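Examining the three-dimensional arrangement
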Amino acid sequence: NGPGHWSGTAMPGEIGNVVVAAHRTSHGAAFRSIDQLVAGDLVQFNTATGIIDYAVTGTQIVTPDAIWIVNPTENATATLFACHPPGSVSHRIVVNLELSE
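Residues numbered from 1 in each chain as written. Predicted model: local features only at pLDDT ≥ 70, side-chain atom pairs only at ≥ 80, totals over all residues. Heavy atoms only, no water.

Within the chain, the secondary structure is distributed over 0 helices and 6 strands. In sequence order, the chain lays out its α and β elements as β-β-β-β-β-β. The C-alpha radius of gyration of the chain comes to 13 Å, within 12% of the 13 Å expected for a compact globule of 101 residues. Oriented by its inertia axes, the alpha-carbon framework of the chain measures out at about 35 × 25 × 25 Å. (Helix = DSSP H or I, 4+ residues; strand = E, 2+ residues; numbered from the N terminus. Rg over C-alpha atoms; globule rule 2.2 N^0.38 Å.)

Before going further, it helps to examine the sheet that holds strand β4 (residues 50-62). Strand-to-strand pairing in sheets goes through backbone hydrogen bonds, with the strands running parallel or antiparallel. With mixed pairing, the 6 strands of this open sheet are ordered in space as β1-β2-β5-β6-β4-β3. Strands at the two margins of the open sheet, each flanked by one partner only, are β1 (4-5) and β3 (42-47). Bridge count for strand β2 (residues 16-21) against strand β5 (residues 76-84) is 6 bridges, and the pairing is parallel. Across the sheet, V20 pairs through a bridge with L80, a residue of β5. (Pairing = 2+ DSSP bridges.)

Considering all chains together, one arrives at 1 salt bridge under this definition. A salt bridge links D35 to R24; the nearest nitrogen and oxygen atoms lie 3.1 Å apart. Here D35 is found in the loop between β2 and β3, whereas its partner R24 is found in the loop between β2 and β3, with 11 residues between them in sequence. On the basis of relative accessibility, which here comes to 3%, the residue R24 falls in the buried class. (Salt bridge = Lys/Arg side-chain N within 4 Å of Asp/Glu carboxyl O. Buried < 20%, exposed > 50% of the residue type's maximum accessible area, 1.4 Å probe, protein only.)

This part is about unusual backbone geometry. Put simply, H84 and P85 share a cis peptide bond, and its omega is -10°. Relative to the assigned elements, P85 resides in the loop between β5 and β6 (91-99). One non-glycine residue, H27, adopts positive backbone phi at about 50°. Take H27: its relative accessible area is 46%, and that puts it in the partly exposed class.

Right, let's get into the nonpolar core. Core analysis: the biggest nonpolar cluster contains 17 residues, and V18, F31, F45, Y54, L80 and L97 have the highest contact counts within it. Elements with a contribution of two residues or more to this core: β2, β3, β4, β5 and β6. Dropping the residues within four chain positions of it, L80 is found in contact with V20, F31, I34, L37, V43, F45, I93, V94, V95 and L97. Of all hydrophobic cores here, the second largest spans 7 residues; its members include V62, A66, F81 and V94. (Core = buried A, V, L, I, M, F, W, Y, C linked by side-chain atoms within 4.5 Å. Contact = heavy atoms within 4.5 Å.)

Moving on, we get to the packing of aromatic side chains. Under the definition given, this model contains 2 aromatic pairs. The interplanar angle of 55° and the centroid separation of 5.8 Å between the aromatic rings of W6 and F81 together place this pair among those described as tilted. With W6 in the loop between β1 and β2 and F81 in strand β5, this residue pair connects regions lying 75 residues apart in the sequence. Using a relative accessible area of 36% as the deciding quantity, one classes W6 as partly exposed. For F81, a relative accessible area of 10% translates into the label buried. Ring centres of F45 and Y54 lie 5.1 Å apart, and the angle between their planes is 70°; on these two criteria the pair is classed as edge-to-face. Overall, Y54 belongs to the buried group, its relative accessible area being 0%. (Phe/Tyr/Trp six-rings, centres within 6.5 Å; stacked < 30°, edge-to-face > 60°.)

In short, shape yes, function no, at least from these values alone.
Below is the structure:
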């Protein structure tokens, strides 16, 4: 009923790729407006240790078989993704983030 952390990926604030998926039209539609994020926007992860800020670096549309979006990274990054367009499962919208300093 909300965003889900992709098992095995980094946790917010850690080196690596924090991967989070959510629905756009069901189960609370947490990522309904994910397509409105643009480079430079701030995304905050509220964790047990506090709020961790990431900045949007870009957005892309991929096919559902683009599993590479969950690959580890050498830097502190995050990937948000959801089905695209809303109500369809034909593609995924992927928003890339990097840890703010």
